[in-house]
Amino acid sequence: MAMKPLSSTVRVLDWDELPARARDIPEGFNPLDEGVLMRHQSEFLKMPQSIVAVPKGRRTGMTFAKALDSTLIAASRRSAGGDNVFYIGDTKEKGLEFIGYCAKFARVIAEAQGQGVSGIEEFLFEDQDDRGNSKHITAYRIRFSSGFQVTALSSRPANIRGLQGIVVIDEAAFHQDVQGVLDAATALLIWGGKIVVISSHNGKSNPFNQFCKDIEEGRYGDDAAVYTVTFDNAVENGLYERVCMMKREQPTPEGKLRWYSRIRNSYGPRKAAMREELDAVPRDGSGVCLPGVWIDAAMREERPVLRLVLDDDFVKKSDEERRSWCQAWITQHLDPVLEQLDPRYRWVFGDDFARHRDFSILVPLGITGTLKRYCPWVLELQNVPTRQQEQIKWHIIERLPNWRGGAMDATGSGQILAEYTADKFGHDSVHQIMLSRAWYGLWMPKMIQWFEDGVIDLPRDANLESDLRAIVDVDGIPMIPGVRKADLKEPELYRHGDFAIALALACFASLNQRQPIPIDYLSTGPRPSMTGLGDERPVASITDTGFGTVAGTNDFRGF
């Protein structure tokens, strides 16, 4: 029930927060019991389809497995299924790495079977485009006495056309022309070839993701399949134990916990990137909207971040008990920072509502005489009942000096509190915002521009920084992408950009002030009648001539 400080975003996970596969090490477990390959690797290589797409988590060993398979295929006679293998990576270095794997396997196979095998050969491959223009590019290959070879080419789509054999496209989502590579590879199937497309995701709109969806929806027929491999799949199949074996270390449950936590926490606030790269869940968007240097410049000094986190038993108390406890918290923690607000500034607020998992955040924003946006502190509430949120937030609004309005998240469960607040303080003063792509597209760029211009002044805090970094480019619109709880491995650990939304709402309120602005004036006292330059002249009057004319004199006496 008491206020609990929120620990740093990057931390070692608690034991119970991990999936069982990341905790357990079976007694006497030998990572090589099932052979050189892990279960997911061998299952992938057994797939008979002509088109196989493999969305994967990073470092799950799929390219390594395909290098072993490619070596065995190229070393075999045609009657045993032998064929040429062409590897197409997204970089020249990837091709050389793949050929290096094959060379190591080839030496073992050659010694075991007494076959001949060449070393790694660097040669010039003639690359010809659709117009017949050709040029020579660097490629790598290993030739076997079977008459077949493993060749690593560049990622140009023209390279594939006219080849015959098995084509492995690695990290397809990161090729310069993803769709071109996929289109060119399909021509190989006419002569009985095979296409294997391996890649981690690079956004939902990437052609690789669409390629996988098309296969799953049957658009490529029965001779195509998708095999998804996540980081957790590899952990379940002994990845940690193999890492220990390579490092000549003894695997332990505690060591596995630290290792697993370190991998996940290494992404810091980039949770969408973590889900994409480890869990094979493509993110809505990509790209950095707020560079770190802009955020660092805006967070000029440490200031209070008031975080109130309540347990589940608090809501079971009586309304009187809850209000009394909350009022004591307000008096102790909130009133001191409210009393320090500068009355010379015009004050607005932004409020992003949440009830349970996410943080409900209120951001006061002072507009200075030079039009800078100054945030003196931030309020964060987690698992706080709506009635108590109302109590706390209304207390703040009533005490904002020179208040000019606010904007509240009226999406979903926030709609009720936003409506009640507008009823109390005025619908022209409290904007009820339905967050949408259209709203983000109009208002988020304005906030980002203020970061670039250096007119936003925020408290320095790691969690607030994490939220700002959660803004991503989704089809050209900077926004906080929606995250389903099912997409998260440990959803209670993650912030969801709540401060960034609240700040954007505060910036909106600062540009849409509804409170009338008083104008100071100085009176010189009552004025005499308009009698012109002398008392003998008549007082101005209205006649009925024409449309009505004014008879009288000009008054040049001023104010």
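Residues numbered from 1 in each chain as written. Predicted model: local features only at pLDDT ≥ 70, side-chain atom pairs only at ≥ 80, totals over all residues. Heavy atoms only, no water.

Caption draft 1: Structural context of the overall build of the protein chain. Assigned secondary structure in the protein chain consists of 16 helices and 22 strands. In the protein chain, buried positions account for 51% of the 559 residues. Within the protein chain, residue pairs in contact and separated by at least 24 positions form 72% of the contacts whose partners lie at least 6 positions apart. Looking at the protein chain as shown, the accessible area adds up to about 27800 Å², and 50% of this sits on carbon and sulfur atoms. (Helix = DSSP H or I, 4+ residues; strand = E, 2+ residues; numbered from the N terminus. Buried < 20%, exposed > 50% of the residue type's maximum accessible area, 1.4 Å probe, protein only. Contact = heavy atoms within 4.5 Å. Areas by Shrake-Rupley, 256 points an atom, 1.4 Å probe, with all protein chains shown as cover.)

Caption draft 2: Structural detail: the nonpolar core. Counting 48 residues, the largest nonpolar core has Leu458, Leu468 and Leu503 as its most contacted members. Of all the elements, helix α16 (residues 498-511) adds the most residues to this core, at 11 residues. The residues contacting Leu468, other than those within four sequence positions of it, are Leu290, Ile295, Met299, Phe451, Leu458, Phe499, Ala500 and Leu503. Phe44, Ala67, Ile99 and Ile198 belong to the second-largest nonpolar core, a separate cluster that totals 34 residues. (Core = buried A, V, L, I, M, F, W, Y, C linked by side-chain atoms within 4.5 Å.)

Caption draft 3: Representation of the pattern of salt bridges within the structure. Counted by the stated rule, this structure contains 24 salt bridges. Residue Asp457 is joined to Arg300 by a salt bridge in which the shortest nitrogen-to-oxygen separation is 3.8 Å. Residue Asp457 is found in strand β18 (residues 456-459), and its partner Arg300 is found in strand β10 (residues 299-301); the two are separated by 157 residues along the sequence. A salt bridge links Asp342 to Arg344, with the nearest nitrogen and oxygen atoms 2.7 Å apart. Exposure remark for Asp342: the relative accessible area of 17% places this residue in the buried category. Here the salt bridges do not stand alone but share partners, grouping Arg300, Glu301, Arg303 and Asp457 into one network. (Salt bridge = Lys/Arg side-chain N within 4 Å of Asp/Glu carboxyl O.)

Caption draft 4: Examining the state of the cysteines more closely. Per the stated rule, a full pass over the model turns up 0 disulfides. In this structure Cys375 is not part of a disulfide, and its nearest cysteine sulfur, from Cys507, lies 9.7 Å away. Residue classification places Cys375 among the buried positions, given a relative accessible area of 0%. (Disulfide = S-S within 2.5 Å.)

Caption draft 5: Spatial organisation of unusual backbone geometry. Its identity as a non-glycine residue notwithstanding, Ala280 has a phi of 60 degrees, on the positive side. Even without glycine at this site, Asn383 takes up a positive phi of about 60 degrees. In this fold, Asn383 is placed in the loop between β15 (378-382) and α12 (386-399). Judged by its relative accessible area of 13%, Asn383 falls in the buried class.

Caption draft 6: Highlighting the packing of helix α11 (residues 319-338) against α12. Between α11 and α12, whose axes approach to 10 Å, the crossing angle comes to 35 degrees. Viewed along their axes, α11 and α12 form a crossing whose handedness is right-handed. For the pair formed by α11 and α12, the contact residues are Arg322, Arg323, Cys326, Gln327, Trp329, Ile330, Leu334, Asp335 and Leu338 on the first element and Gln388, Gln391, Ile392, His395, Ile396 and Arg399 on the second. Looking at the contact of α11 with α12 residue by residue, the class counts come to 7 nonpolar, 4 polar and 4 charged. (Axes fitted to C-alpha atoms, helices over the stretch in contact; angles between N-to-C directions. Left-handed = near helix turned anticlockwise from the far one by under 90°. Nonpolar A, V, L, I, M, F, W, Y, C, P; charged D, E, K, R; others polar.)

Caption draft 7: Highlighting the environment of Pro55. For Pro55, the position within the fold is in strand β1 (residues 51-55). Look past the residues within four positions of Pro55 in its chain and what remains in contact with it is Ser199, His201, Phe208, Cys212, Val226, Tyr227, Thr228, Val229 and Ala280.

Caption draft 8: Quick peek at the environment of Lys94. As for its placement among the helices and strands, Lys94 is situated in helix α3 (residues 92-113). For the pair Lys94 and Ser154, spaced 60 residues apart in sequence, the C-alpha separation works out to 9.5 Å. Sequence-distant contacts of Lys94, defined by excluding residues within four places in its chain, comprise Tyr87, Gly89 and Glu171.

Caption draft 9: Region of interest: α11. Of all the bends in α11, the greatest, near 40 degrees, is centred on Thr331. Those residues of α11 not exposed but buried are Arg322, Cys326, Trp329, Ile330, Leu334, Asp335, Val337 and Leu338. On the buried face of α11, the contacting elements are β11 (305-309), β15 and α12. (Bend = angle between axes of the 7 residues up to and from the residue.)

Caption draft 10: Broad picture of the confidence of the model for the protein chain. Here the protein chain shows a mean pLDDT of 80. Residues at 70 or above account for 77%. Across residues 1-15 the pLDDT falls below 50, and counting only partners more than four positions away or on other chains, this stretch makes 41 contacts in the model. The low-confidence segment residues 484-493 (pLDDT under 50) makes 23 contacts with residues lying over four places distant or belonging to another chain. (pLDDT = per-residue confidence, 0-100.)

Caption draft 11: Just the packing of aromatic side chains, in detail. Summed over all chains, the structure comprises 16 aromatic pairs. Each ring, one from Tyr240 and one from Trp259, has its centre 5.4 Å from the other, and the planes form 45 degrees; the classification is tilted. Of this pair, Tyr240 sits in helix α7 (residues 239-246) while Trp259 sits in helix α8 (residues 253-265), and the two are 19 residues apart along the sequence. Each member of the pair, Tyr240 together with Trp259, is buried. Between Trp394 and Phe425 the ring centres are 6.0 Å apart and the planes differ by 85 degrees, which places this aromatic pair in the edge-to-face class. Of this pair, Trp394 sits in helix α12 while Phe425 sits in helix α13 (residues 414-425), placing them 31 residues apart in sequence. (Phe/Tyr/Trp six-rings, centres within 6.5 Å; stacked < 30°, edge-to-face > 60°.)

Caption draft 12: Spatial organisation of the pairing of strand β2 (residues 85-88). Of the two faces of β2, both are covered, the one formed by Val85 and Tyr87 as well as the one formed by Phe86 and Ile88. For β2 and strand β5 (residues 149-153), the ladder comprises 4 bridges, and the chain directions are parallel. Counterpart to Phe86 in the pairing with β5 is Thr151. Pairing of β2 with strand β6 (residues 166-170), which is carried by 4 bridges, proceeds in the parallel orientation. (Pairing = 2+ DSSP bridges.)

Caption draft 13: Structural view of helix α14 (residues 437-453). For α14, with 17 residues, the first-to-last C-alpha span of 24 Å sits near the 24 Å given by 1.5 Å per residue. Approximately 30 degrees is the largest bend angle found in α14, and it occurs at Trp443, with the proline Pro445 only one to four residues beyond. Of the positions making up α14, those classed as buried are Trp439, Tyr440, Trp443, Met444, Met447, Ile448, Trp450 and Phe451. (Expected span 1.5 Å × (residues − 1).)

Caption draft 14: Layout of the pairing of strand β16 (residues 403-409). The buried count for β16 comes to 7 of 7 residues, which makes it a mostly enclosed element. Across 4 bridges, the pairing between β16 and strand β17 (residues 430-433) is parallel. Looking at β17, one finds that Met408 is bridged to Gln432. Each parallel crossover has a hand, and the one from β16 via α13 to β17 is right-handed. (Right-handed = clockwise from strand over helix to strand, strands pointing away.)

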